[in-house]
Structures are given as structure tokens and as C-alpha cells.
Amino acid sequence: MTTVFPMSFAQQRLCFLHRMDPTGAAHATVRCHRVTGPLDSRALQEALDALVARHEPLRTVFPLGTQQLIAPEGRAQVRFVDVKTEAEALRHAHEEALQPFDLERGPLLRLTVLRLEPRTHFLLFAVHLLVADGTSLQVFTEELAIAYRAALLGRPPALPELPVQYVDWAAWQREQLTAERRESLSRWWREQLSGVPLFLDLVPPRPVSGRGRRMHRVLPAAVSDSVRALASTERQTVFTVLAAACGRVLGHRAGRERVLLGLAVANRDLPEVERVLGFFVETVVLQVDLRDDVDLRALLTRVASATAAASAHKDLPFEQLVADLAPPRDPTRSPVVQVNFAYHPVGTAGALSLQDCEVTELLLDLPSAKFELTVRVEERSDGAFTVWGEFDESLFEPAFIEALLADYEDVLRTATPDARTSPRRSSTREQQLGRIFADVLKVASVAPDDDFFQRGGHSLQLVEVAVRIRNELGQDLGLRELYQHPTVAGIAARLDRTGAPR
């Protein structure tokens, strides 16, 4: 029986990122649950073993990061530790988040059971994205509840046989992406993103560390209710309203009329993979177009249309899209999209349930960030929205994120169909820079978001721009900074933030 299989495109990307950061902290999920009640350790081990036997990814490793190797059998790794306080349990959770995964040897799923009292335990699950994405974790927690109850009763879990495993889907994915299909998808994306700045200058670029932090803001019930009412009135989804508002806030912050958001798409269109564990998620680019001072009704229509079109063309792997767009390589920036957006309706976060026990998930402020910035809206069981900002704290100050979340609430609070997107007006500095760009490029005018190089500029002309900025504006910018900010808006924002004195 063959046990070595090719990886999916998404797995290949994760293995590459793992080599760049072997700690793996940014590409793992760590969750902590407080369990109150008669937790049966034997039944828990049996339930986990049943899921490891059922789902091949839970016994898969990645030798050399070039293929996936499935063990014919295996057991779940469960570690038991006694703790004296809840604070000690949380320290263990943070330490667990820092423990690297060995992709070549595994395991890529770890469980630590922290015993505080006979009827109080903390369950720490750590799993690498290579074997389980967000939807997988929801499936995992649902099936763990079923398998645990069955183990208590001494029965096998009543779970239907899986029609396929993840490696079957990975092979199917590769078969579908023929050379012709790939070129068609690439051409569509290049046309859609032509002229759109591929870097969102929210803050000056600086070396990133991946050191993460999370902040959140609970929206008042009136705001959450108005979002749903607006979506219903305009016959749009709640996601569309929330994504449009997010793009609007980011656009105003960065001085951009077109904003690119990264969306983590589940990529489970086939019914056969609905209950399969694995890394199916694909990053898809969503453009929020704020041009022409549109009202919110028109913006929602644009975002809904862009979402549908992006979903229809999601089969081009993100790393191949990046290669085709060929943005300037900059180790301080994520390519193409720097901000990811997510919306989780109630019941999609994978809540854990165990027979005869009360289970509560504890929120962890984990020391890693998967992206530069993620804005995530979670719908709570009481109907309210919690907005999370997960960010790389080497890039963003907490005060900036706090203000960003406050702006987001304000936009949602005042959202009405006739509200304007209120695009920024060109500042005096932008007008001066626009004239310099136009003179150097020998064109009539240059819009704030026009890319210098896409308008026909070259390196020697960029030197002339630098000299003109120094002579006419009395400020200095190095060529590296001009390469990183090849738009009027980007350079103006850079000068505004730093002063860049001569």
C-alpha cells in the first residue's frame, strides 16, 4: 500500500514558510478549554485514538518538506500534568504555543491535560495547520464529542465512513489545475489587479518578527443589529457589510481608493470533503473599490460582485498568483495583501462538548501572528459582534490597533444605504508630489494611487523624483523607500509620518 503522496499547493506553501520560521508558531493553532466535571482520561485517550485512526492527516508527517507520508496506524499523543492554579495552567498554554512542531517526525497534533482538581482540568490542543484548518477543527471537536461519549459507553463511535481522505483531494486539485486552466485564471487576476497598489501603507515598513498580539472590541447590540438590518434591507450578506466597512476604514487610514483584503476561503466545494480533516484553505484576494465617492449601497454591490468573482477564480494557488504579479520583493512586507479579513457566524468556531462535563474555552493572547494584521469579526451566542485585531507588534502599536477598531465601530454605527465612502481629498503635499511625478513621467497628471513604474517610470527617473522632492519639498527619502512606496499617496503618507527632514 502506497503511503507517500504529493502535497497540496497550500501544504507546499506552509512547508516553505515553516523552513523560513522553524518555530512554526505562526502556523499552528493552540486552544485551551477548562473542563469541569468527571473527565474520564481513559475515554478521552480512546476517543482521540479513534479520530487518529479515522483521519489520515492526524498520522501524517512531511519528510524533507517535499511529500507527505501517512503512517498506517498511530495513537494520539496525550500528556498529563498536575498544576496548582489556573494561572499556572495558562502559563503552560503559552509555553505550548512556543513549542515547535517536527514536520518530519510528528506528531502534528498534541494534547496536554492539566489537572488542577479531581473535577477541574484544562485541555490544551496544539495542531499544525498542515493537518487541520479552521473547518477541520470544527469537525474534530464535533467528532471528539461523539467518540468520547461512545468510549464512556464502551462502544465504537457511530461515525460514517469517509468517502475520501485529504490526499485524494490534493491529487484531484492538481489534476484540475491544467496548464490551460492555470493560464486562464492567472490572466483574469492580472487584469483585475492591474494598476492596484500591492502594498497598503498603514504604517512605515520595518522588519517583522511574527511576534503577535490580539486586541478586541465588543460592538454594542445596537450596532450589531443595525448591521444585520442593513444587510437584510439591501439584500446582501452580513459578510459583505462587514468587509465593505473594513475596506473603507483601511482605505481612509492608508489614503487609498482601492484596498486589497486577504480572505481565507474554506475551499470545500465538494460534498465528499465536508467531514475530511486537512488544510484546504486558500487565500483569495478581495478588492474593495472606494472610487467615485460611491454611497454605501453601491459599495456593497461592488463588494458582493468582487467576492463572487474572486470565489469563482479561487483555484489559482495564492503563491502562484504572487509569482505572476511579481510585486517588488520586500522582506518587511507580505506580498499582495497585508491585511486579512474574516467573519465567523455563531456556531462556526468549533466549540468543544464532553459528556457530563461543562467545557469553557479560554481566550489566549498568543505570542504569534499569522499575518501582519487580521481583522476578524466573531458573532457571539447573544448576537453581539466581537471584533478582533490580531497583529504583528513589531509593525503596529497597540494604540494604532485600538484606534482602528474604534474607527471600524464608528463606520458600522453610521452605516446607512446613502452614506458616502468619503474618499480622502488630495492634500497639498500630494498635489506637489503629483506634479513632480507628472513632470518626470511627462504626462498630464498622475492619480494618488497610480504606480510610478506602471505609468512607465524607470529607476533613473526615480532618482530624478528623489532630487525634486529634496529641492522642492525640503525633505529626503532614500531610493529604497521610494521603491517601496511608488505612488503619490504612499510617498506623501511616508513623509507625513516621518517628517523625513533634510
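Just so it is clear, the structure is predicted and the values come from calculations on it, not from any experiment. (Residues numbered from 1 in each chain as written. Predicted model: local features only at pLDDT ≥ 70, side-chain atom pairs only at ≥ 80, totals over all residues. Heavy atoms only, no water.)

## Quick look at the packing of aromatic side chains
And step 1. Scanning the entire structure with this criterion turns up ten aromatic pairs.
And step 2. Centroid distance Phe125 to Phe140: 5.9 Å. Interplanar angle 80 degrees. Geometry classified as edge-to-face. You can see Phe125 sitting in strand E7 (residues 120-128) and its partner Phe140 sitting in helix H4 (residues 134-152), a full 15 residues away along the chain.
And step 3. Using a relative accessible area of 7% as the deciding quantity, one classes Phe140 as buried.
And step 4. Here the aromatic rings of Tyr166 and Phe280 are separated by 5.0 Å at their centres, their planes lie at 80 degrees, and the arrangement is edge-to-face. A residue pair is termed long-range when its members are at least 10 positions apart, and Tyr166 in helix H5 (residues 166-176) and Phe280 in the loop between strand E9 (258-265) and strand E10 (282-289) qualify at 114 residues. (Phe/Tyr/Trp six-rings, centres within 6.5 Å; stacked < 30°, edge-to-face > 60°. Helix = DSSP H or I, 4+ residues; strand = E, 2+ residues; numbered from the N terminus. Buried < 20%, exposed > 50% of the residue type's maximum accessible area, 1.4 Å probe, protein only.)

## Things to note about a nonpolar patch on the surface
And step 1. A cluster of nonpolar side chains, namely Val463, Val467, Leu479 and Tyr483, defines an oily patch on the protein surface of about 290 Å² accessible area.
And step 2. Those elements that place two or more of their residues in the nonpolar patch are helix H13 (459-473) and helix H14 (479-484). (Patch = residues over 30% accessible without salt bridge, like charges linked within 9 Å, V, L, I, M, F, W, Y side chains within 5 Å. Areas by Shrake-Rupley, 256 points an atom, 1.4 Å probe, with all protein chains shown as cover. Salt bridge = Lys/Arg side-chain N within 4 Å of Asp/Glu carboxyl O.)

## Let's talk about the sheet that holds strand E6 (residues 109-117)
And step 1. Strand order in the open sheet formed by five strands is E5-E6-E7-E2-E12, and the pairing between neighbours is mixed. The open sheet is flanked by strand E5 (77-82) and strand E12 (358-362), the only strands paired with a single partner. Strand after strand, the sheet turns through a mean of 25 degrees between neighbouring axes, direction not considered.
And step 2. Here strand E2 (residues 28-36) pairs with E12 via five bridges, running antiparallel. From the neighbouring strand, Arg34 faces E12, where its bridge partner is Thr360.
And step 3. Each of E2, E5, E6, E7 and E12 is contacted by helix H3 (residues 86-98), which is oriented at about 10 degrees to E7, the strand it contacts most. (Pairing = 2+ DSSP bridges. Axes fitted to C-alpha atoms, helices over the stretch in contact; angles between N-to-C directions. Contact = heavy atoms within 4.5 Å.)

## Brief notes about empty space enclosed by the protein
And step 1. For the structure shown, the criterion picks out nine cavities of 30 Å³ or more.
And step 2. Taken as a whole, the largest cavity holds about 90 Å³ of empty space.
And step 3. The wall of the largest cavity is formed by Thr29, Arg31, His33, Leu109, Phe125, Val127, Leu137, Phe140, Thr141 and Leu352.
And step 4. For the lining of the largest cavity, the secondary structure elements donating two or more residues are E2, E7 and H4. (1 Å grid on protein atoms, 1.4 Å probe; cavity = no way out; pocket = protein on both sides within 12 Å on 5 of 7 lines; lining within 4 Å. Points joined across faces, edges and corners; volume = space filled by probe spheres on them.)

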